[in-house]
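Overview (structure and organization)
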Amino acid sequence: PLATGLVHLDNYVCQRQLKYGPVVICDLVPQIVMTLAVYPLALWLRDFRVMLYLELGKILLATVLTHGVARTPYRWAWYRPHLRRMIAFGWPLVLSTLLLVASQHGDRLLVGGFFSLADLAGYSLALSLVNVSWFVSGYVSSSLLLPLLSRAQGNPEAFRRAYRTALDLSAVAAIILMGPLIVAGEPIVTFLYGDKYQGSGAFVSWLGAGLALRFLRQGTAVAAMARGDTVNQLWTNI
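Since we're looking at a predicted model, the values are computed, not measured. (Residues numbered from 1 in each chain as written. Predicted model: local features only at pLDDT ≥ 70, side-chain atom pairs only at ≥ 80, totals over all residues. Heavy atoms only, no water.)

1. Let's talk about the overall build of the protein
Helices and strands together make up the secondary structure of the protein, namely ten helices and zero strands. Its helices and strands in sequence order give the protein the pattern α-α-α-α-α-α-α-α-α-α, from N to C terminus. C-alpha atoms of the protein, sized along the principal axes, occupy 55 × 50 × 30 Å. By residue count, 33% of the 238 residues in the protein fall in the buried class. Long-range contacts, defined here as pairs at least 24 residues apart, represent 73% of the contacts in the protein between residues at least 6 apart. Of the roughly 15300 Å² that the protein leaves accessible, carbon and sulfur atoms contribute 70%. (Helix = DSSP H or I, 4+ residues; strand = E, 2+ residues; numbered from the N terminus. Buried < 20%, exposed > 50% of the residue type's maximum accessible area, 1.4 Å probe, protein only. Contact = heavy atoms within 4.5 Å. Areas by Shrake-Rupley, 256 points an atom, 1.4 Å probe, with all protein chains shown as cover.)

2. What to know about the side chain of Asp10
When you line up the elements, Asp10 lands in helix α2 (residues 10-16). The exposure class of Asp10 is buried, given its relative accessible area of 4%.

3. Points about the pattern of salt bridges
If you walk through the whole model with that rule in mind, you get five salt bridges. In this structure, Arg71 and Asp10 form a salt bridge, with 3.2 Å as the shortest nitrogen-oxygen distance. Here Arg71, found in the loop between α4 (49-68) and α5 (80-114), pairs with Asp10, found in helix α2; they are 61 residues apart in sequence, far enough to count as distant. For Arg71, a relative accessible area of 46% translates into the label partly exposed. One salt bridge connects Arg161 with Glu157, and the closest N-O pair in it is separated by 3.9 Å. Here Glu157 and Arg161 lie together in helix α7 (residues 156-183), a separation of four residues that amounts to about one turn. One salt-bridge network, held together by shared partners, links Glu157, Arg160 and Arg161. (Salt bridge = Lys/Arg side-chain N within 4 Å of Asp/Glu carboxyl O.)

4. Remarks on the state of the cysteines
Here the structure, examined in full by the defined rule, presents zero disulfides. Unpaired in terms of disulfides, Cys14 finds its nearest cysteine sulfur in Cys26, a separation of 9.3 Å. Cys14 sits in the buried class, given a relative accessible area of 2%. Classification of Cys26 as buried rests on a relative accessible area of 4%. (Disulfide = S-S within 2.5 Å.)

5. Focus on the packing of aromatic side chains
Scanning the model with the defined rule gives four aromatic pairs in all. Where Trp134 meets Phe215, the ring centres are 5.2 Å apart and the plane angle is 80°; that geometry is what we call edge-to-face. With a gap of 81 residues between them, Trp134 in helix α6 (residues 117-151) and Phe215 in helix α9 (residues 201-226) connect regions that are remote in the sequence. By the burial criterion, Trp134 is buried, and Phe215 matches it. (Phe/Tyr/Trp six-rings, centres within 6.5 Å; stacked < 30°, edge-to-face > 60°.)

6. Quick word on the layout of surface pockets
Rolling a probe over the atoms, with the probe sized like a water molecule, indicates the empty space that remains. Its volume calculated, the second largest pocket comes out at about 430 Å³. Along its surface, the second largest pocket is lined by 14 residues, and Leu9, Arg75, Trp76, Ala77 and Met86 are the ones closest to its centre. Contributions of two or more residues to the lining of the second largest pocket are made by α1 (2-5) and α5. Here the element with the most residues in the lining of the second largest pocket is α5; it accounts for three residues. Across the lining of the second largest pocket, the residue classes break down as nine nonpolar, four polar and one charged. (1 Å grid on protein atoms, 1.4 Å probe; cavity = no way out; pocket = protein on both sides within 12 Å on 5 of 7 lines; lining within 4 Å. Points joined across faces, edges and corners; volume = space filled by probe spheres on them. Nonpolar A, V, L, I, M, F, W, Y, C, P; charged D, E, K, R; others polar.)

7. Some words on the side chain of Thr66
Mapping Thr66 onto the fold places it in helix α4. Residue classification places Thr66 among the buried residues on the basis of a relative accessible area of 7%. Excluding residues that lie within four positions of it along the chain, Thr66 makes contacts with Val7, His8, Asn11 and Cys26.

Without other data, these values stay purely geometric and don't point to any function.
Shown next as structure tokens:
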């Protein structure tokens, strides 16, 4: 958390201008470096510290890179009007995130409490598999669609066109990313994880179908956020 709190925020300014080079560098380079470091660290340490060092190394390197690619100086400042706007915009997003975390861990708690640990393993695997697609789509949509919609927020006609595009892309993403998991969940699971997870495909298909519906909400959520309305997202998550 300390390293994350010291990142340079110029990357987000670049994203708003549809310049993705800096954020790609800051995301990709630490992943590559830490992946290359796995084997030597495992040979050297041979215990859980490998994961700890990799996680710390990734965050620290990403923080350093945000300063390296920034175009503006890094300064701290206190400006009360900006702080009030940040709190008003951010508090519903914080609550929404907490709700999603509670939901994702709460259902695992229920599955583990009422069924076997083998069922919990299959369910957790399926949830992780469908969430990868959701994470990829959410990351791309927030990085690409949010700047486009934000630029058009003062022009109703341009905003409607961009909003229609966002809804179309959300539907297409649901079909492309969730369709294979819904139709062929079982073969995909056994191909990726082996025969020991046979039977988990049903979880993948049902969770994929549920998440496909949530994809359709993605365009509306981004559009609301582009207009500064984050309470919309809080209510829909509730």
